[in-house]
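Chain by chain, the residues run as shown.
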Amino acid sequence: MLALLAPPTALAHAVLVAPAPRIGLQRAAGDDGIKLTPFAQAAAIANDGCGGLRNRLPDDAHVGVEQPLVAYTPGSVLSVQWKLTIPHPNDHLATAQGTGVRIALHYDAGDSFAQNVLAGGLLGDAGVGTLDAAPEDSPAGTQVGASVTLPSGKLCNYCTLQWAWAAENDGGVYVSCVDVAITSDGVLPNYALLPLEESHWRKKLAGVPFPAPAPPPPPALPPSPPPALNDAEIGLIAGLGALGLLLACGAAVCVAVWLVRPKPVPRRAAPVPVFYAPANT
Ligand SMILES: [Cu+2]
């Protein structure tokens with residue numbers, strides 16, 4: 001019975017514990033973490049973001065960048081902690097090529113996680129195979145940590161700190177992200193005062209889904225037909241029409257009468273009397 005309930009040995013899972021992952025990736029107690037596949041695409045998946053819709057619990061509406069709840073100063077050292085939820089004896093640095101953890105930062109849309117690797121690495125990174133998910137034979141629930149140093153001189157209001165474990169024999173990759181700020185004083189910015197292009201949902205992190213902007217307004221409706229006339233208006237128009245017709249008819253009758261009026265007979269000019277004078281011979 002116990003053997004039936006035990007997870008298949010081909011699985012290995014882990015979740016980020018600290019710093020607390022972003023809201024959509026925070027795991028309920030007992031959650032094992034979501035495997036993103038395939039393993040061969042582990043670096044591409046991690047470089048593309050935090051797993052998006054595939055990397056959240058089915059009932060979790062959150063996906064994408066959240067407003068950071070924690071701030072650090074450049075150059076500070078932080079402890080990144082994760083928990084092995086389901087051990088996999090075959091996914092260790094010594095036993096699987098390309099297996100391992102990477103901790104990386106994404107500052108803004110102009111860079112990528114691969115450009116800011118803080119510890120370990122995935123296939124294609126210089127540090128691949130240098131950070132194990134857990135010591136061999138670690139039991140489930142083992143918490144593992146690594147200290148990373150934030151780059152000096154680089155600031156951000158919306159950074160994404162990413163933890164990723166590519167597990168070759170498991171056939172996938174586990175990704176957790178934390179939204180952080182890195183400020184000169186280590187204090188969270190006043191996000192309400194940031195310019196619009198830096199506001200929560202507009203922060204465009206390459207490959208990281210974020211709430212879509214409001215859809216454009218629907219196209220303008222075709223001009224509506226003139227409103228129907230009521231009975232009083234119809235009556236008024238009919239009355240005016242009848243009056244106009246009456247006037248037109250009257251005018252026509254007048255014209256006709258004028259045309260057929262009796263013409264005065266032209267008076268003939270009275271004949272000029274002619275007198276013949278006797279010939280003067
Ligand atoms: Cu697994």
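Scroll up a little and you will see the structure.
Attention in this report is confined to the structure presented alongside it. Fair warning: this is a prediction, and the values are worked out from it, not measured in the lab.

Rules used in this analysis
- Residues numbered from 1 in each chain as written.
- Predicted model: local features only at pLDDT ≥ 70, side-chain atom pairs only at ≥ 80, totals over all residues.
- Helix = DSSP H or I, 4+ residues; strand = E, 2+ residues; numbered from the N terminus.
- Buried ≥ 20, exposed ≤ 12 C-beta atoms within 10 Å, placed from the backbone.
- Contact = placed C-beta atoms within 7 Å.
- Pairing = 2+ DSSP bridges.
- Axes fitted to C-alpha atoms, helices over the stretch in contact; angles between N-to-C directions.
- Core = buried A, V, L, I, M, F, W, Y, C linked by C-beta atoms within 7 Å.

1. Regarding the overall build of the chain
Right, on to step 1. Helices and strands together make up the secondary structure of the chain, namely three helices and eight strands.
Right, on to step 2. Among the 281 residues that make up the chain, the fraction classed as buried is 29%.
Right, on to step 3. Residue pairs at least 24 apart in sequence account for 75% of intrachain contacts in the chain once pairs closer than 6 positions are excluded.

2. Here we look at the sheet that holds strand β8 (residues 172-182)
Right, on to step 1. Read across the sheet, five strands follow the order β2-β8-β7-β4-β5 without closing on themselves; strand pairing throughout is mixed. Where the open sheet ends on each side, the last strands, each with one partner, are β2 (70-72) and β5 (117-120). Averaged over all neighbouring strand pairs, the angle between strand axes comes to 30°, with direction disregarded.
Right, on to step 2. As paired strands, strand β4 (residues 100-106) and β5 are joined by three bridges and run antiparallel to one another. Within β5, the residue paired with Arg-102 across the bridge is Gly-120.

3. Topic: the pairing of β8
Right, on to step 1. Burial analysis of β8 places eleven of its eleven residues in the buried class, which makes it a mostly covered element.
Right, on to step 2. As paired elements, β2 and β8 share three bridges and run parallel to each other. Looking at β8, one finds that Tyr-72 is bridged to Ile-182.
Right, on to step 3. Direction of pairing for strand β7 (residues 156-167) relative to β8: antiparallel, over a ladder of ten bridges. Counted as the bridge partner of Gln-162 is Cys-177 from β8.
Right, on to step 4. The turn linking β7 back onto β8 is made up of four residues, and Gly-171 within it adopts a positive phi angle of 80°.

4. Quick look at the sheet that holds strand β3 (residues 77-86)
Right, on to step 1. Taking strand neighbours across the sheet as the criterion, the three strands line up as β1-β3-β6 in an open arrangement whose pairing is antiparallel. The open sheet has two free edges, formed respectively by β1 (13-18) and β6 (143-149), since each of these has just one partner strand. Ignoring which end each strand starts from, the neighbouring axes of this sheet average 30° apart.
Right, on to step 2. Pairing geometry for β3 and β6, over seven bridges, is antiparallel. Residue pairing in the sheet places Lys-83 in a bridge with Gln-143 of β6.

5. Here's the deal with the nonpolar core
Right, on to step 1. Counting residues in each nonpolar core, the largest one holds 42 residues, and the members touching the most others are Ala-46, Ala-164, Trp-165, Val-173 and Val-175.
Right, on to step 2. Among the elements of the structure, β1, α2 (42-48), β3, β4, β7 and β8 are those that each provide at least two residues to this core.
Right, on to step 3. At nine residues, the largest contribution of residues to this core is made by β7.
Right, on to step 4. Discounting residues that sit within four places of it in the chain, Val-175 has contacts with Leu-36, Ile-45, Ala-46, Cys-50, Gly-51, Asn-55, Gln-162 and Ala-164.

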